[in-house]
Amino acid sequence: MQHLVTGPGAGEPGAGEPGSEEYSLAERAYRALRDRLVMLEIRPGAPVHEEQLAQSLGVGRTPVREALKRLQHERLITAYPRRGTFATEVNITDLAHISEVRLELEPLAAARAARRATAADRAVLTALRRELDEAAPGRPDAELMHLDLTVHRALYAAAHNPYLEDTLVRHGNLATRIWCLFLDRLPAMAGHVAEHGPLIDAVVAGEPERAARLARGHVEGFERAIRAVI
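Rules used in this analysis
- Numbering of residues starts from 1 in each chain and follows the order in which that chain's sequence is written.
- Given that this is a predicted model, residues contribute local features only at a pLDDT of at least 70 and side-chain atom pairs are listed and counted only at 80 or more, while totals for whole chains, interfaces and linings are drawn from all residues.
- Excluded from the side-chain calculations are hydrogens and water; all other atoms, namely the structure's heavy atoms, are used.
- In DSSP terms, a helix is any run of H or I states spanning at least four residues, a strand is any run of E spanning at least two, and both are numbered starting from the N terminus.
- The definition of a polar contact used here is a pair of N or O atoms within 3.5 Å, where within protein one atom must be able to donate a hydrogen and the other to accept one, and adjacent residues in sequence count solely through side-chain atom pairs.
- Each helix should span, by expectation, one fewer than its residue count multiplied by 1.5 Å.
- To get the bend at a given residue, fit one axis to the seven residues ending there, fit another to the seven starting there, and take the angle between those axes.
- Exposed residues in this analysis have more than 50% of their type's maximum accessible area, buried residues have under 20%, and partly exposed residues fall in between, with area computed by a 1.4 Å probe over protein chains only.
- Residues are said to line a cavity or pocket when one of their atoms sits within 4 Å of a point; the points come from a 1 Å grid over protein atoms alone, cavities being sets where a 1.4 Å probe fits but cannot get out and pockets being open sets with protein on both sides within 12 Å along at least five of seven lines.
- Grid points are joined across faces, edges and corners, and a volume is the space filled by probe spheres set on the points.
- Under the grouping applied here, Gly and all other residues not named as nonpolar or charged are polar, the nonpolar ones being Ala, Val, Leu, Ile, Met, Phe, Trp, Tyr, Cys and Pro and the charged ones Asp, Glu, Lys and Arg.
- Confidence scores per residue from the predictor, reported as pLDDT, run from 0 to 100.
- Contacts were defined at the residue level, with two residues in contact if any of their heavy atoms lie within 4.5 Å.
- A pair of strands is considered paired only if DSSP assigns at least 2 bridges between the two.
- Under this scheme, a helix contributes an axis fitted over its contacting stretch, all axes are lines through C-alpha atoms, and angles between N-to-C directions fall in the 0 to 180 degree range.
- Crossings are sorted by hand: turned counterclockwise from the far helix by less than a right angle, the near helix makes the crossing left-handed, and turned clockwise it makes it right-handed.
- The cut-offs work like this: below 35 degrees is roughly parallel, past 145 is roughly antiparallel, 65 to 115 is roughly perpendicular, and the gaps in between are oblique.

> Just to check I follow, could you spell out the environment of S56 for this structure?
Relative to the helices and strands, S56 resides in helix α2 (residues 50-57). Among the polar contacts listed, one links the side chain of S56 to the backbone oxygen of L53, at a separation of 3.0 Å.

> Quick question: what am I supposed to make of helix α4 (residues 95-116) here?
Every α-helical turn comprises 3.6 residues, leaving residues that sit three or four positions apart pointing alike. When the terminal C-alpha atoms of α4 are compared, their 30 Å separation across 22 residues agrees well with the 32 Å that a helix rising 1.5 Å per residue should span. At R102, α4 shows its largest bend, some 30°. Looking only at α4, the buried set comprises L95, I98, S99, R102, L103, E106, P107, A109, A110, A111, A113 and A114.

> Teacher, can you tell me more about empty space enclosed by the protein here?
In this approach the atoms are scanned with a rolling probe the size of a water molecule, which exposes any empty space left behind. Within the structure shown, the criterion is met by 3 cavities of 30 Å³ or more. When its volume is computed, the largest cavity comes out at roughly 140 Å³. As for the largest cavity, its lining consists of 17 residues, and the residues nearest its centre are R102, D148, H152, G172 and T176. Looking at the lining of the largest cavity, the elements with two or more residues in it are α6 (141-158), α7 (162-181), α8 (189-194) and α10 (208-227). Tallied by class, the residues present in the lining of the largest cavity amount to 8 nonpolar, 6 polar and 3 charged. One number sums up the size of the second largest cavity: a volume of about 80 Å³. Lining the second largest cavity, in full, are E106, A109, A110, H152, L155, Y156, L199, A215, H218 and V219. Mapped by element, the contributors of at least two residues to the lining of the second largest cavity are α4, α6 and α10.

> Before we go on, may I ask you to explain the confidence of the model for the protein in this structure?
As a note on interpretation, predicted positions should not be read in detail where pLDDT is low. This prediction gives the protein a mean pLDDT of 87; 89% of its residues lie at or above 70. Note on residues 1-20: pLDDT under 50 across the span, and 43 contacts to partners over four residues away in sequence or across chains.

> For this particular structure, what's the right way to read the pairing of strand β1 (residues 77-80)?
Each regular strand shows side chains that alternate between the opposite faces of the sheet. With 4 bridges joining them, β1 and strand β2 (residues 84-87) adopt antiparallel strand pairing. Residue A79 lies in a different strand from β2, and its bridge partner there is T85.

> Teacher, can you tell me more about the packing of α4 against α6 here?
Two measures define how a pair of helices packs: the angle their axes make with one another and the distance between the axes. Axis separation between α4 and α6 bottoms out at 7 Å; the angle between their running directions is 65°. Between α4 and α6 lies a crossing whose hand is left-handed. Residue-level inspection shows R102, E106, A109, R112, A113 and R116 of α4 in contact with α6, the latter providing H152, L155, Y156 and A158. The residue inventory of the contact of α4 with α6, partitioned by class, reads 5 nonpolar, 1 polar and 4 charged.

> Hey, could you run me through unusual backbone geometry in this one?
Excluding glycine, most residues fall at negative phi; most peptide bonds, likewise, are trans. Of note in this structure, L40 is not a glycine but carries a positive phi near 60°. With respect to the element layout, L40 can be found in the loop between α1 (21-38) and α2. Residue class for L40 comes out buried when judged on its relative accessible area of 5%.

> I tried to follow the layout of surface pockets on my own but got confused; where do I start?
There is about 310 Å³ of room inside the largest pocket. For the largest pocket, the lining is made up of 15 residues, of which E74, R75, D94, I98 and L174 are closest to its centre. Within the residue set of the lining of the largest pocket, elements represented by two or more residues are α4 and α7. Among the elements that take part in the lining of the largest pocket, α7 stands out by supplying 5 residues, more than any other.

> What is the right way to read the packing of helix α5 (residues 119-134) against helix α9 (residues 196-204) from this model?
Contact geometry of α5 with α9 gives a least axis separation of 10 Å together with a crossing angle of 155°. With respect to α9, the element α5 is oriented roughly antiparallel. Once α5 is placed against α9, the crossing between them reads as left-handed. Of the residues in α9, those touching α5 at R122, L125, T126, L128, R129 and L132 are H196, G197, P198, I200, D201, V203 and V204. Of the residues assigned to the contact of α5 with α9, the class counts are 7 nonpolar, 3 polar and 3 charged.

Here you go:
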């Protein structure tokens, strides 16, 4: 599952209308580039070339340009006049700021999801719960990171608040970049991802207080783990 992330830039002039070919290509380029940047497949500080990206994605330069506008707003790339565009550096000093936002909003989103999740949302979350149970400890970290992102995005979507979802997706992406930077020094990724199981159970069962408590504990554990290795 890959959830459509709403956000600034999606409706900008030149981005095309929803349903149009231009819009779908820009959205496809955005999602692909976003996850490459989040997973550090494009390394922090690396140059970002429109033409090379367009070729690798099989799209024109216009969809890539529209995607880059959104990614710059989301602090995943930085453009410098006369120098070019680069993947944003991962600054560990941002951890406290990102965690401060997530500690307030992750529990809120989890509680809202527990109250508002539709039958379709619960079906998606239940399927992800099964995938978590089947995630063997030996599964590659990159696959587990993608699963982690998918679970988070599904939970945010189930809260049915597009503004809350947009904010958490952006901050979750930035937090994931920090995690990826220290991945080889952190505890086993399988254990981190497995923490989502009880949270999904609480949301599917419609237990907002428990969902909020588990979401807060997950964010607190994330920050503790990072600080233990820096």
